[in-house]
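# Summary of structural features
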Amino acid sequence: MEQQQLANAIRFLSIDAVQKANSGHPGAPLGMADMATVLWKDFLKHNPADPLWINRDRFVLSNGHSSMLLYSLLHLTGYDLSIEDLQNFRQLHSKTPGHPEYGYTPGVETTSGPLGQGIANAVGMALAEKALAAQFNRDGLPVVDHFTYAFLGDGCLMEGISHEACSLAGTLKLGKLIALWDNNNISIDGHVDGWFTDDTPARFRAYGWQVIDHVDGHHPQQVAAALEQARNERQKPTLICCKTTIGFGSPNKADSHDSHGSALGKEEVALVRETLGWTHAAFDIPQPIYAQWDAREKGAAAQADWQDLFNRYRDQYPEEAAGLLRRSLKQLPDNWRHNSQDYIRQLQDHPANLATRQASQKALSQFIQWVPELLGGSADLSPSNLTRHSQARDITPDDASGNYISYGVREFGMSAIMNGVALHGGFIPYGGTFLMFMEYARNAVRMAALMKIRSIFVYTHDSIGLGEDGPTHQPVEQLAALRLTPNMETWRGCDQVEAAVSWQQAIERENGPSALIFTRQPLEQQPRDARQLANIAKGGYVLRDCDGVPELIIISSGSEIELAVYAAIELAEQGKRVRVVSMPCVERFEKQDAAWRESVLPGAVRKRLVIEASIEGFWRGYAGLDGKVLGMSSFGESAPAAVLFGHFGFSKDHALAAARALLTD
Ligand SMILES: Cc1ncc(C[n+]2csc(CCOP(=O)(O)OP(=O)(O)O)c2C)c(N)n1
Ligand SMILES: [Mg+2]
């Protein structure tokens, strides 16, 4: 059967689904169908019956607006995605959402659509593959050995993140990363000549990539030859520049942005049928075409071969085999819970006044021994973030067996690469920067939450408390932004114990990312009994209580806990009943049942003071109409930390005065 027919099956499934939804992007699937057919039919190693097979090739559709291309491929090759699913494209709770979404559709490896992030995820997957292979493969037993393929469009290449991620991919020699550029010269505003004239091949060669240029994306032999060449280059990632026509086959809309983002229209769809000689009705794919596309037999055989290899590996290296499986299944070691609890208890018993970034490093140096899948890094702030622990070994271009990555000054790239690592499996990625520069990475952080994946974002220098670097570096509204992100958990511990618990909880969290917030400056350790120690994990708990019903509750987190405790002690000496609630993770606290929340913050106690050196608006709900927030309402200033805390009202005297004022109101 002609390759063209197979590609046309993708084309018509795509444009008919877009037409039925009267919404979507027909142009890109029409343009990329030929490239996709070559890759998926003749190269991609996958088993539609087991989309989670750990040694499958990864495929990322970075230009996610062409989602129907991917859904068509998954349907045709035999994934659990029916023709009815395709007919439900873009409908509520369908398996075929507007853009590919991780967790909704078997075979979709990542959520893409925010342009540029898919290719960065792919870099993360290729990095994970290389590192996992370096840790686990043994002579003649390459149990981790697969490619990562990505399709990307002009839009992905225009986005800055493609620079961050692809530059690092070149440096780290991710030779099994193969990207195919849908070079159609069109984006939404029209022909790109007015806004995108980079010499893209030269750009990627400068990154250290192999570039295969001048490939006709509609010519199967040329695409196949390029893929062969790409797979033979194991030192450099490859960019295959495929010249394509957007809206291929559409007489009136090909090579025009008119085919980019709306249904072609019934008449034009009929004309595409005529032009391409496709006589079948919408969603009617002839059996012989299905038979040609079906990848189940080939996929099962490929997985069976791998299973044989893995069995031999397991015979010779039982421990490694168990470790690889455990890590791939995202399970923690059996002794983890016990060991980490024990460690935290010991910290409580041996007080130390550390900056929480130091406490973080101390905890990491312990935890890495039990959880070797922690894959760390920092966006060029390792000595400040203290993300490099005592067991850290750098991943270098020629040795990927380590556990630490210097990501360079690339916050967004790092975060999206971490997401790719988490999606690949085998590692729990964490990466650090200043809390302020979370803003540079914002959308990747949001995507981790949306995808429900275990990326751990480490943010130090968490407030005006960082001092002299001034307001450009002092976060004010960032904590609120993180806390308001659905499915994020943001931890801001107040001492070495809460900092260690935040690591423990982030590592254990299976269905979402965590942001761990740490101070630059030292903090006093707080006393706790065993019950309080256990309650930290509930996100909010009574750190210091009074006899009887409190007259005032002071809620605080992180570095401001010391102020809250001071005010409570002073007022207690004057016979006042004041409770201090430590709230290291608001999101976690809000997940607790009503009884717990009421026990910590009784609704009847209306006098509440919140103290936190971050934007005060976030806390108004907790303070209530009769309460007060001692927070920030402006940017910071440049001065030593102690001066700044005084200037903005975060002093012991001011905290005490605010508490007293509430009591006498
Ligand atoms: C970060 C981001 N910005 C903007 C958009 C909206 N958008 C979707 S597709 C597109 C143009 C992409 O051009 P290209 O990748 O060349 O796609 P083509 O038109 O060739 O299919 C834009 C701006 C987006 N999805 N993500
Ligand atoms: Mg384009």
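Residues numbered from 1 in each chain as written. Chains lettered and ligands numbered in written order. Predicted model: local features only at pLDDT ≥ 70, side-chain atom pairs only at ≥ 80, totals over all residues. Heavy atoms only, no water.

## A short note on the site of ligand 1
- In the neighbourhood of ligand 1, 15 residues make up the surrounding shell, with His65, Gly113, Asn184, Ile186 and His260 lying closest.
- The separation between an oxygen atom of ligand 1 and a polar main-chain atom of Gly155 is 2.9 Å.
- One nitrogen or oxygen atom from the side chain of Asn184 is found 2.6 Å from an oxygen atom belonging to ligand 1.
- Those elements giving two or more residues to the shell around ligand 1 turn out to be helix 6 (154-158) and strand 4 (186-187).
- Each residue belonging to the shell around ligand 1 can be placed in one class, and the counts come to 6 nonpolar, 7 polar and 2 charged. (Near = heavy atom within 4 Å. Polar contact = N/O pair within 3.5 Å; in protein donor to acceptor, adjacent residues only side chain to side chain. Helix = DSSP H or I, 4+ residues; strand = E, 2+ residues; numbered from the N terminus. Nonpolar A, V, L, I, M, F, W, Y, C, P; charged D, E, K, R; others polar.)

## Observations regarding the pattern of salt bridges
- For the structure on display, the rule yields 29 salt bridges.
- Close ionic contact of Arg588 with Glu489 constitutes a salt bridge, the shortest N to O distance being 2.9 Å. Here Glu489 lies in strand 12 (residues 489-492) and Arg588 lies in helix 23 (residues 586-591), a separation of 99 residues in the sequence.
- Judged by relative accessible area, Glu489 falls into the buried class, the value being 2%.
- By sharing partners, the salt bridges in this structure join Asp462, Arg483, Arg492, Glu560 and Glu612 into a single network. (Salt bridge = Lys/Arg side-chain N within 4 Å of Asp/Glu carboxyl O. Buried < 20%, exposed > 50% of the residue type's maximum accessible area, 1.4 Å probe, protein only.)

## Describing the packing of aromatic side chains
- Scanning the entire structure with this criterion turns up 21 aromatic pairs.
- Seen from their ring centres, Tyr313 and Tyr317 are 5.6 Å apart, and the 40° between their planes marks the pair as tilted.
- For Tyr313, a relative accessible area of 0% translates into the label buried.
- Look at Tyr317 and you get partly exposed, because its relative accessible area is 24%.
- Over the aromatic face of Tyr317 sits the side chain of Arg138, whose NZ or CZ is 5.5 Å from the ring centroid.
- Directly above the ring of Phe427 sits Arg327, whose terminal nitrogen or CZ lies 5.0 Å from the centroid. (Phe/Tyr/Trp six-rings, centres within 6.5 Å; stacked < 30°, edge-to-face > 60°. Lys NZ or Arg CZ within 6 Å of the ring centre and 35° of its normal.)

## Considerations on the nonpolar core
- Trp503 and Phe650 are the most contacted members of the largest nonpolar core, which has 81 residues in total.
- The residues touching Trp503, leaving out its near neighbours within four places in the chain, are Ser360, Ala363, Leu364, Phe367, Tyr430, Ile456, Val458, Leu516 and Phe518.
- Counting 76 residues, the second largest nonpolar core, distinct from the first, contains Cys156, Cys166, Tyr207 and Trp209. (Core = buried A, V, L, I, M, F, W, Y, C linked by side-chain atoms within 4.5 Å. Contact = heavy atoms within 4.5 Å.)

## Comments concerning the sheet that holds strand 3 (residues 177-183)
- Spatially, the 5 strands line up as an open sheet ordered 1-2-3-7-6, and their pairing is parallel. Of all the strands in the sheet, just strand 1 (58-61) and strand 6 (210-216) have a single pairing partner and so form its edges. Direction aside, the axes of adjacent strands within the sheet are offset by 15° on average.
- In this fold helix 9 (residues 220-232) packs onto strand 2 (148-153), strand 3, strand 6 and strand 7 (238-243), with an angle of close to 175° to the strand it touches most, strand 6. (Pairing = 2+ DSSP bridges. Axes fitted to C-alpha atoms, helices over the stretch in contact; angles between N-to-C directions.)

## Overview of the packing of helix 22 (residues 561-573) against helix 27 (residues 652-664)
- Closest axis-to-axis distance for the helix 22/helix 27 pair is 9 Å, and the angle between their directions is 55°. Between helix 22 and helix 27, the angle falls in the class oblique. Helix 22 and helix 27 meet at a crossing whose hand is right-handed. Facing helix 22, whose interface residues are Leu563, Tyr566, Ala567, Glu570 and Leu571, helix 27 presents Lys652, Asp653, Ala655, Leu656, Ala659, Arg660 and Leu663.
- Its residues placed into classes, the contact of helix 22 with helix 27 shows 8 nonpolar, no polar and 4 charged. (Parallel < 35°, antiparallel > 145°, perpendicular 65-115°, else oblique. Left-handed = near helix turned anticlockwise from the far one by under 90°.)

## Considerations on the pairing of strand 2
- For strand 2, the buried fraction is high: 6 of the 6 residues fall into the buried class.
- Residues Thr148, Ala150 and Leu152 line one face of strand 2 and the alternating positions Tyr149, Phe151 and Gly153 line the opposite face, and both faces are buried.
- Bridge count between strand 2 and strand 3: 6 bridges; the pairing is parallel. For Phe151, the partnering residue across the bridge sits in strand 3 and is Leu180.

## As for the pairing of strand 11 (residues 456-460)
- Burial analysis of strand 11 places 5 of its 5 residues in the buried class, the great majority of the element.
- Neither face of strand 11 is exposed, since Ile456, Val458 and Thr460 on one face and Phe457 and Tyr459 on the opposite face are all buried.
- In terms of strand pairing, strand 10 (residues 428-434) meets strand 11 through 5 bridges, oriented parallel. Counterpart to Thr433 in the pairing with strand 11 is Tyr459.

## Section: the environment of Gly512
- Tracing the backbone through its elements, the reader meets Gly512 in the loop between helix 20 (496-508) and strand 13 (514-518).
- Note: C-alpha distance between Gly512 and Ala7 (505 residues apart in sequence) is 37 Å.

## Brief notes about the packing of helix 2 (residues 27-42) against helix 3 (residues 67-77)
- Put simply, helix 2 and helix 3 touch, their axes get as near as 10 Å, and they point 40° apart. In terms of orientation, helix 2 and helix 3 fall into the oblique class. Note that helix 2 runs across helix 3; the crossing there is right-handed. In contact with Pro29, Met32, Ala33, Ala36 and Trp40 of helix 2, helix 3 contributes Leu69, Leu70, Leu73, Leu74 and Thr77.
- The class makeup of the residues in the contact of helix 2 with helix 3 is 9 nonpolar, 1 polar and no charged.

## Comments concerning the sheet that holds strand 17 (residues 608-615)
- Taken in spatial order, the 5 strands line up as 14-16-15-17-18 in an open sheet, and their pairing is mixed. For this open sheet the edge positions go to strand 14 (541-544) and strand 18 (628-632), each flanked by a neighbour on one side alone. Pairs of neighbouring strands in the sheet enclose a mean axial angle of 25°, with direction left out of account.
- Pairing analysis gives 3 bridges linking strand 14 to strand 16 (residues 578-582), with the strands arranged antiparallel. Each bridged residue has a counterpart across the sheet, and for Val542 the counterpart in strand 16 is Val581.
- Relative to strand 16, helix 22 is tilted by about 165°, and along the sheet it contacts strand 14, strand 15 (552-556), strand 16 and strand 17.
- Contacts from helix 27 reach strand 15, strand 16, strand 17 and strand 18, with the element oriented near 145° to strand 17.

## Some thoughts on the side chain of Thr110
- Along the chain, Thr110 turns up in the loop between helix 4 (83-87) and helix 5 (117-136).
- Within the structure, the side chain of Thr110 is placed 2.8 Å from the side chain of Asn121, a separation counted as a polar contact.
- For Thr110, the contacting residues outside a window of four places in its chain are Val60, Pro100, Tyr102, Asn121, Met125, Leu423 and Met451.

## Examining helix 3
- Within helix 3, 11 of the 11 residues are buried, which leaves it mostly tucked inside the rest of the structure.
- Regarding helix 3, the residues found buried are Ser67, Met68, Leu69, Leu70, Tyr71, Ser72, Leu73, Leu74, His75, Leu76 and Thr77.

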